[in-house]
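Notes for the structure review
Okay, here's what each chain looks like letter by letter:
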Amino acid sequence: MLHPIESRTTSPVAAAQLLERRTGVRPQPQPPGGQAGAAAGEDNPWHTGAACRRDEVGLFFAPSKEPTAARLSREEQAKRVCARCPVLLECREHALAQPEPYGVWGGLTAAERRVVLARRRRRDGELIEAARVTAAARARIAG
Ligand code: SF4
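This report concerns the structure included in the present document. No experiment lies behind these values; they were computed from the predicted model shown.

Some words on the overall build of the protein chain
- From N to C terminus, the protein chain includes 6 helices and 0 strands.
- Of the regular secondary structure in the protein chain, the N- to C-terminal order runs α-α-α-α-α-α.
- For the protein chain, with 143 residues in total, the buried portion stands at 34%.
- Taking the contacts inside the protein chain whose residues are at least 6 apart along the sequence as the reference set, 57% of them involve residues at least 24 apart.

Structure (structure tokens):
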């Protein structure tokens with residue numbers, strides 16, 4: 001799925017350039033109203049309020065061989081845009097559910113999303129284990 005800012009660009013060329021920057025793969029040309037238009041359609045209504053559509057597109061994805069200091073500065077600027085975005089939670093959950101491997105989504109970098117996903121997996125494992133222990137205890141009491 002395209003990043004909200006990509007789905008909002010009016011230029012398929014700009015969208016293709018962003019995708020190439022994001023993935024390192026040159027996407028197939030999309031006709032106007034093609035992939036970019038579809039991503040902004042009714043399947044993704046949370047895009048409508050995306051704050052990033054009004055900001056510098058280069059903030060959200062790293063150019064190739066970006067120095068660390070530049071990356072940190074760029075990511076902080078992107079996060080400031082996300083902080084005032086009305087669809088931050090929807091965007092973040094989308095990026096976690098996919099999961100989206102690149103770029104800042106929902107105020108989180110790709111590395112931060114990996115940490116969140118690892119915590120969720122650990123928490124889910126603990127909940128499953130707790131449920132198993134509880135079920136075993138109930139079975140013993142009932143038996
Ligand atoms: S949370 Fe950030 S990346 Fe997501 S739509 Fe809003 S501004 Fe864009």
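Anyway, onward from the coordinates.
Here's the deal with the site of the ligand
- Surveying the vicinity of the ligand reveals 14 residues, the closest of which are H3, C52, C82, C85 and C91.
- Among the cavities detected, the one that contains the ligand is the largest cavity.
- Of all the secondary-structure elements, those providing two or more residues to the shell around the ligand are α4 (68–83) and α5 (88–97).
- Residue composition of the shell around the ligand, grouped by class: 12 nonpolar, 2 polar and no charged.

A few points about the nonpolar core
- Counting residues in hydrophobic clusters, the biggest one holds 18 residues, and the most contacted among them are C52, F60, V81 and W105.
- Of all the secondary-structure elements, those providing two or more residues to this core are α4 and α5.

Regarding empty space enclosed by the protein
- One pass over the full model with this rule turns up 1 cavity of 30 Å³ or more.
- Approximately 70 Å³ is the volume found for the largest cavity.
- Along the wall of the largest cavity there are 13 residues; nearest its centre are C52, C82, C85, C91 and G106.
- Here the lining of the largest cavity is built from residues that sort into 11 nonpolar, 2 polar and no charged.

Observations concerning the environment of T134
- Note that T134 resides in helix α6 (residues 110–142).
- Look at T134 and you get partly exposed, because its relative accessible area is 36%.
- Side-chain polar atoms of T134 contact the backbone oxygen of A130, separated by 2.9 Å.

Considering the side chain of R74
- Here R74 shows up in helix α4.
- The contact partners of R74, leaving out residues within four places of it in the chain, are G58, L59, F60, F61, A62, P63 and E66.

Some details on the pattern of salt bridges
- Under the definition given, this model contains 6 salt bridges.
- The salt bridge involving E66 is made with R74; its shortest N-O contact spans 2.7 Å. One exposure class covers both E66 and R74, and it is buried.
- We note a salt bridge from E112 to K79, for which the minimum N-O separation is 2.6 Å. Within this pair, whereas E112 is found in helix α6, its partner K79 is found in helix α4, the two being separated by 33 residues in sequence.
- Residue classification places E112 among the partly exposed residues on the basis of a relative accessible area of 28%.
- Judged by relative accessible area, which is 19%, K79 ranks as buried.

A word on the packing of α5 against α6
- Closest axis-to-axis distance for the α5/α6 pair is 10 Å, and the angle between their directions is 75°. Our classification of the angle between α5 and α6 gives roughly perpendicular. Of the residues in α6, those touching α5 at E93, A95 and L96 are R113, V116, L117 and R120.

Reading the values: rules and limits
- Residues numbered from 1 in each chain as written.
- Predicted model: local features only at pLDDT ≥ 70, side-chain atom pairs only at ≥ 80, totals over all residues.
- Heavy atoms only, no water.
- Helix = DSSP H or I, 4+ residues; strand = E, 2+ residues; numbered from the N terminus.
- Buried < 20%, exposed > 50% of the residue type's maximum accessible area, 1.4 Å probe, protein only.
- Contact = heavy atoms within 4.5 Å.
- Near = heavy atom within 4 Å.
- 1 Å grid on protein atoms, 1.4 Å probe; cavity = no way out; pocket = protein on both sides within 12 Å on 5 of 7 lines; lining within 4 Å.
- Sits in = over half its atoms within 2 Å of the grid points.
- Nonpolar A, V, L, I, M, F, W, Y, C, P; charged D, E, K, R; others polar.
- Core = buried A, V, L, I, M, F, W, Y, C linked by side-chain atoms within 4.5 Å.
- Points joined across faces, edges and corners; volume = space filled by probe spheres on them.
- Polar contact = N/O pair within 3.5 Å; in protein donor to acceptor, adjacent residues only side chain to side chain.
- Salt bridge = Lys/Arg side-chain N within 4 Å of Asp/Glu carboxyl O.
- Axes fitted to C-alpha atoms, helices over the stretch in contact; angles between N-to-C directions.
- Parallel < 35°, antiparallel > 145°, perpendicular 65-115°, else oblique.

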